[in-house]
Amino acid sequence: MIKKVTRLVRLLALFGIVTVFLTACGQRQSLSKQDVLQNDRASNTITWGVKADTKLFGLMDVKDNQVKGFDVDIAKAITKRILGENGRAKFVQVTSQTRIPLLKNGNIDAIIATMTITPEREKQVDFSKSYFDAGQSLLVKKGSPVKSVKDLDKAGTKVLGVTGANSVANIKKSAPKARVLELSDYAQAMTALKSGQGAALTTDNGILYGMATQNPGYEVVGGTFTKEPYGIAINKGQTPFKKSVNQALAEIEADGTYNRILKKWFGNVAGFDYKEAAR
Amino acid sequence: MITILTHYWSELVQGLGYTLLSSLIALIFSTMIGTMFAIFEVLPNRLMRVIGRVYIEIFRNIPLLVIAMFFYVIIPLYVAKIDGFTAGTIGLTIYTSSFIAETVRAGIQSVDPGQMEGARANGMTYWQAMSKIVLPQAFKIVIPPLGNQFINLVKNSSVLAFVAGFDLMYQANSIASLSLDTINSYMVVGGFYLVITLPLSYYMRHLEKQLAK
């Protein structure tokens, strides 16, 4: 009996030690506490977190292994403004789910990955001014009975989304009766839509238009039912870096670089009026 | 950590429920299917042995995620509408059954052939001898490795997260992205897995001791 009790105590103590160790890992001072702007100037490189699965914003081109898109081009333009013509922009692939942890532990300096500015997120990170005004919409198979978000608000309807995206929280409010299935990225969500796992795929319209151009037979319906201003996320306490990002953003908007990039990516997208989004 | 628990308690309990349900279904069916293919492999009939071998080698050597995605994406397109939970659980059952088959086969083969011969000499049919004499002894031997397979099965049920199966891992991803508190979310969910696997592990040990008597 006593033997058993001692064994139990020993076991509990071991668990205690493991827990303390893991908690300590979480609290260690990380790279993100150092001044990003200084480090970047020294290395002449800014490391950006971008999407690699989102057509028009950030998509991996398998031919040359480069991520290409609106977010990527904006990031390159801002890098040049901050570091000068020879400044290098390094890109790290992120998902909706991994981007904040990667920023917080210092793997990336900033996130430019279709990230909506929300009050909850502002508690965790700082945002630049908005660089793109998206709105949430729906992607459905052509001829689907779903015409707007109201058609989804029925028990038994399944809506596909991506874990960590703001759109998942929104759809729970706009169509509370629908069941939301969260997939790990947009490619998987699109596959799930194709195999009929859900009635519609919901996220920001810009992303959906990208998917619709890649997948004929699918269309964006219902207009936008939320406002989703995209911002560049930066760690809290990095005020000098945030200031230079905002300044660079204002400069590329003023000299027409922004509009050129916008036209390059959204000029030929059916259903999207790029002139309305021009700045 | 406490805030995650109190804030997302209903999600966590739902996740625990789905993980338990999926694991239980997969445990029962994979044990049955696994034992069946184990017997196939030791049958005198050559064709049956080949069928058993092919099944085991295919499903043992494909990643679980691939099997689950196959049932999630391809089957609904051409065969029948199944949701993520069903697809994941079927994948988990098939995958685990191939490992259980190998384990049980080793158990059957470690029983002295004299047992089978003796039973047959006493007038039992092949199936009587297999089910009454050989299999009980085989299971006694394979309880420890079988326990390993069962624990792996519970942990592997996290594959449901990738096919939107509402299990613990799915909830972990969801909670981590909602609360933006990644470390604590995954630690809490790790704790929930222990709630299932530790009793299972102790029960298998207990069973081993009981049978050893």
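Residues numbered from 1 in each chain as written. Chains lettered and ligands numbered in written order. Predicted model: local features only at pLDDT ≥ 70, side-chain atom pairs only at ≥ 80, totals over all residues.

- For chain B, the name recorded in an unreviewed UniProt entry is Amino acid ABC transporter permease, with Lactiplantibacillus plajomi as its organism.
- Under the Sequence similarities (unreviewed entry) heading, UniProt states for chain B: "Belongs to the binding-protein-dependent transport system permease family."
- What UniProt records for chain B under Subcellular location (unreviewed entry) is the sentence "Cell membrane". (UniProt positions renumbered as here; feature names shortened; annotations may be inferred.)

- Within an unreviewed UniProt entry, the label attached to chain A reads Transporter substrate-binding domain-containing protein, and the organism entered is Lactiplantibacillus plajomi.
- Recorded under Sequence similarities (unreviewed entry), the UniProt text for chain A is reproduced unchanged: "Belongs to the bacterial solute-binding protein 3 family."

### Here's the deal with the interface of chain A and chain B
Buried accessible area, meaning the area lost when the parts come together, often serves as the stated size of an interface.
Right, on to step 1. Counting residues at the interface gives 17 residues for chain A and 16 residues for chain B.
Right, on to step 2. Listing elements by their share of the side of chain A that touches chain B, those giving two or more residues are α1 (2-27), α4 (99-104) and β10 (179-183) of chain A. (Contact = placed C-beta atoms within 7 Å. Helix = DSSP H or I, 4+ residues; strand = E, 2+ residues; numbered from the N terminus.)

### Some details on the UniProt feature "domain: Ionotropic glutamate receptor C-terminal" (unreviewed entry) in chain A
Right, on to step 1. If you check UniProt for "domain: Ionotropic glutamate receptor C-terminal" (unreviewed entry), the listed places come out as residues 54-268 of chain A in our numbering.
Right, on to step 2. Within the segment residues 54-268 of chain A, helix and strand shares are 37% and 28% respectively, and the terminal C-alpha atoms sit 17 Å apart.

### Some thoughts on helix α2 (residues 36-43) of chain A
All names here are of chain A.
Right, on to step 1. Every buried residue of α2 is listed here: V36, L37 and D40. Along α2, the residues classed as buried sweep out an arc of 95° about the axis, all on the same side. Facing away from the buried surface of α2 by more than 90 degrees, the exposed residues are Q38 and A42.
Right, on to step 2. Where the residues of α2 are buried, they touch β1 (45-51), α3 (70-83) and α9 (239-254).
Right, on to step 3. N44 sits one or two residues past α2 and shows a positive phi near 60°. (Buried ≥ 20, exposed ≤ 12 C-beta atoms within 10 Å, placed from the backbone. Arc of directions from axis to C-beta.)

### With respect to the UniProt feature "domain: ABC transmembrane type-1" (unreviewed entry) in chain B
Right, on to step 1. Look at the UniProt record and you will see "domain: ABC transmembrane type-1" (unreviewed entry) annotated at residues 16-204 of chain B.
Right, on to step 2. Secondary structure across residues 16-204 of chain B comprises 84% helix and 0% strand; the distance between its end C-alpha atoms is 21 Å.

### Remarks on the pairing of strand β12 (residues 218-221) of chain A
Residues and elements named next belong to chain A.
Right, on to step 1. The alternating pattern of β12 places Y218 and V220 on a buried face, while none of E219 and V221, on the opposite face, is buried.
Right, on to step 2. Bridge count for strand β8 (residues 136-141) against β12 is 4 bridges, and the pairing is antiparallel. Within the sheet, the bridge partner assigned to L139 lies in β12 and is V220. (Pairing = 2+ DSSP bridges.)

### Quick notes on the nonpolar core
Right, on to step 1. By size, the foremost hydrophobic cluster in this structure holds 129 residues, and its most contacted members are V50, I111 and L139 of chain A.
Right, on to step 2. The element that contributes the greatest number of residues to this core is helix α5 (residues 84-110) of chain B, accounting for 11 residues.
Right, on to step 3. Discounting chain neighbours no more than four positions away, the residues touching L139 of chain A are L193, A200, L201, L208, M211, A212, Y218 and V220 of chain A. (Core = buried A, V, L, I, M, F, W, Y, C linked by C-beta atoms within 7 Å.)

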